[in-house]
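# Summary of structural features
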Amino acid sequence: MSLPPEKASELKQLIHQQLSKMDVHGRIREILAETIREELAPDQQQLSTEDLIKALRRRGIIDDVMKELNFVTDSVDQELPSSPKQPVCFTDRQSTLLKKSDGTRMADSTTMLSISDPVHMVLIKTDIFGETTLVASYFLEWRSVLGSENGVTSLTVELMGVGTESKVSVGILNIKLEMYPPLNQTLSQEVVNTQLALERQKTAEKERLFLVYAKQWWREYLQIRPSHNSRLVKIFAQDENGINRPVCSYIKPLRAGRLLDTPRQAARFVNVLGYERAPVIGGGGKQEQWCTLLAFLCRNKGDCEDHANLLCSLLLGYGLEAFVCVGTKAKGIPHAWVMTCGTDGTVTFWESLTGHRYIHKPVNPDESPVAEQPKPLYPYRTIGCVFNHQMFLGNCQPSDSVEICVFDLNDESKWKPMSEEAIKSVCAPGATTSLPPFPPLCASTIDASVTSNEIEMQLRLLVSEHRKDLGLTTVWEDQLSYLLSPALASYEFERTTSISAGNEEFQDAIRRAVPDGHTFKGFPIHFVYRNARRAFATCLRSPFCEEIICCRGDQVRLAVRVRVFTYPESACAVWIMFACKYRSVL
């Protein structure tokens, strides 16, 4: 196999740099001066190449050089592409090394300057109960280090609050930036500042033009039917910093790698992330706040829009045609969910807060009242618009009722589209410097077995103390507790796949474990947090569960089983089952 001339030249340069770095020439000179001459006969003063190679190999110098030389292929380094057109994800969630390489050579300062993605820093507060609060979200422009001496610079930034407190300072952060390994040639600060100013100017112009276009689109939409003014057509949404962004910028095809295997498993992952509406001060309805993906994942909870945006991004990553739907559910409450359109025309709704899926079958309003019509099972009432990372469509059908809507998105008489080029100009990767980068999903750091045991032991202690306060003794039966495991696994499998399996074996095992004349009672419950005391308090609010925990009778045996199922970002589904068996004395 022969190398192209430019590759051969580059390889020679790399080898030369490595030899210079290891001072191989100096080591060879020392050997020549101190060792080899002594081994030669007095009448032999000329060294052959073969003699020199043998001496170097005998002293291990050749082996040392070959170990230090690493030959790489032309495959792109997946940790950080140097191409400015691809998004680079910097997150503060784990210690990472920023590589200035595309897999074959070091990136120069000019290439680094073209990487416009900021470092997104998220500040989270966690209380003693494990509850998280988003404190600040900041986008750091790191490229000032490219123009600093020795590739080191220090910055002081002011962190602002989020949501209604986005104008309130929460603190000062001192940052030291260092480029490693150092650049061969640094840029002047003037060049860096000029580049940043040009990017800001281009971004501002693109956003201005898109705003002008959006206003014109909205005027045309209202001219179709005046009642459109009351429909939930969401073109812009405020992020946690109070910045208005096009809704399409919150979506991007997201691949989960090997962390999630199927679209339904992805829906389950999004479902177990906590639900929390944005806090509002005073009355007046719902607070407007759509979180960037990193803020949502770091906090591990968010509003329905955050869940829908993440689920849509994951489904797009699996190759499905997915859209976020904005509309209302019962009682006119604003809501967001996900829709996928199959190649056969099947429209499926995905509820991101529960993981449930619904097939949409439109009702024909012109049908005879006697004719049988499909009954919708989904909770959605109206729909104003649908969108993803490339498309935005406003519902312009006579009625915005979901049950009679036709989801033929190519029919412009039913769905008014925005220009895909206009959306691309502000929402495509690298289109503007104001777009936050999408971070990759991180594997869970929770040990499922250890956590399950810890919660189970805590619950046993809480139950024993509760029964002691009631004047009751507590006898645990470990075997009965173990027999509850298949049921918990079956419940989680059903939540993920909508398929029930394994119940027959569980029921048969329980029948064998409960003697004749005894009664068995079990109560399963599901949580998305790992606080045992909080879970126990919730369980006691169920009359059926309280009846089991406070069971009185003859030969009462109690059992509890906890099973933690882990998902990316340390999200988890916690299944708990309390059970008891006792002798019936009727």
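Structure: above.
The rules behind these values
Residues numbered from 1 in each chain as written. Predicted model: local features only at pLDDT ≥ 70, side-chain atom pairs only at ≥ 80, totals over all residues. Heavy atoms only, no water. Helix = DSSP H or I, 4+ residues; strand = E, 2+ residues; numbered from the N terminus. Buried < 20%, exposed > 50% of the residue type's maximum accessible area, 1.4 Å probe, protein only. Areas by Shrake-Rupley, 256 points an atom, 1.4 Å probe, with all protein chains shown as cover. Pairing = 2+ DSSP bridges. Axes fitted to C-alpha atoms, helices over the stretch in contact; angles between N-to-C directions. Contact = heavy atoms within 4.5 Å. Phe/Tyr/Trp six-rings, centres within 6.5 Å; stacked < 30°, edge-to-face > 60°. Parallel < 35°, antiparallel > 145°, perpendicular 65-115°, else oblique. Nonpolar A, V, L, I, M, F, W, Y, C, P; charged D, E, K, R; others polar.

Regarding its fold elements, the protein chain presents 16 helices and 18 strands. Among the 586 residues that make up the protein chain, the fraction classed as buried is 43%. Of the roughly 32,100 Å² of accessible surface on the protein chain, a fraction of 52% belongs to carbon and sulfur atoms.

Quick look at the sheet that holds strand S11 (residues 347-350) now. Read across the open sheet, the seven strands follow the order S12-S11-S10-S9-S13-S14-S15; overall the sheet is antiparallel. Every interior strand has two partners, whereas the edge strands, strand S12 (357-360) and strand S15 (415-417), have only one. Within this sheet the neighbouring strands show an average axis-to-axis angle of 35°, counted without direction. Summarising the sheet, strand S9 (residues 322-329) and strand S10 (residues 334-341) pair through seven bridges and their orientation is antiparallel. The residue bridging Phe323 from the neighbouring strand is Met339, located in S10. Contacting S9, S10, S11 and strand S13 (380-387), helix H9 (residues 304-317) crosses the sheet at an angle of about 10° to S10.

Positionally, Lys234 belongs in the loop between helix H6 (189-224) and strand S5 (236-238). Between the C-alpha atom of Lys234 and that of Gly327, which follows or precedes it by 93 residues, the distance is 9.3 Å. Setting aside residues no more than four positions away along its own chain, Lys234 makes contact with Val247, Glu288, Trp290, Val326, Cys385 and Phe392.

What follows is about the packing of aromatic side chains. Per the counting criterion, the structure on display carries 18 aromatic pairs. Aromatic pair Trp337 and Phe349: ring centres 6.0 Å apart, planes at 80°, arrangement edge-to-face. Of the two residues, Trp337 is situated in strand S10 and Phe349 in strand S11; the sequence distance between them amounts to 12 residues. Judged by its relative accessible area of 0%, Trp337 is buried. We classify Phe349 as buried; its relative accessible area is 0%. Ring centres 4.0 Å apart and planes at 5° place the aromatic pair Trp337 and Tyr380 in the stacked group. Note that Trp337 is positioned in strand S10 and Tyr380 in strand S13, a separation of 43 residues in sequence.

Moving on, we get to the packing of helix H7 (residues 263-272) against helix H13 (residues 485-497). At a minimum axis distance of 8 Å, the contact between H7 and H13 shows a crossing angle of 110°. When the axes of H7 and H13 are compared, the pair comes out roughly perpendicular. On the side of H7, the interface is formed by Arg264, Gln265 and Arg268, while H13 contributes Glu492, Arg495, Thr496 and Thr497. For the contact of H7 with H13, the per-class residue count stands at no nonpolar, three polar and four charged.

In this section: the sheet that holds strand S16 (residues 518-527). Sheets are built from strands that pair by backbone hydrogen bonding, the pairs being arranged parallel or antiparallel. Sheet architecture is open: three strands sit in the order S16-S18-S17, paired in antiparallel fashion. Unpaired on one side and paired on the other, S16 and strand S17 (554-566) mark the two borders of the sheet. Recorded for the sheet is a direction-independent mean angle of 15° between the axes of neighbouring strands. Of the pairings in the sheet, the one linking S16 to strand S18 (residues 572-583) comprises 10 bridges and is antiparallel in character. Opposite His526, over in S18, you have Trp575 as the bridge partner. Sitting on the sheet, H13 is in contact with S16, S17 and S18, with an inclination near 140° to S18.

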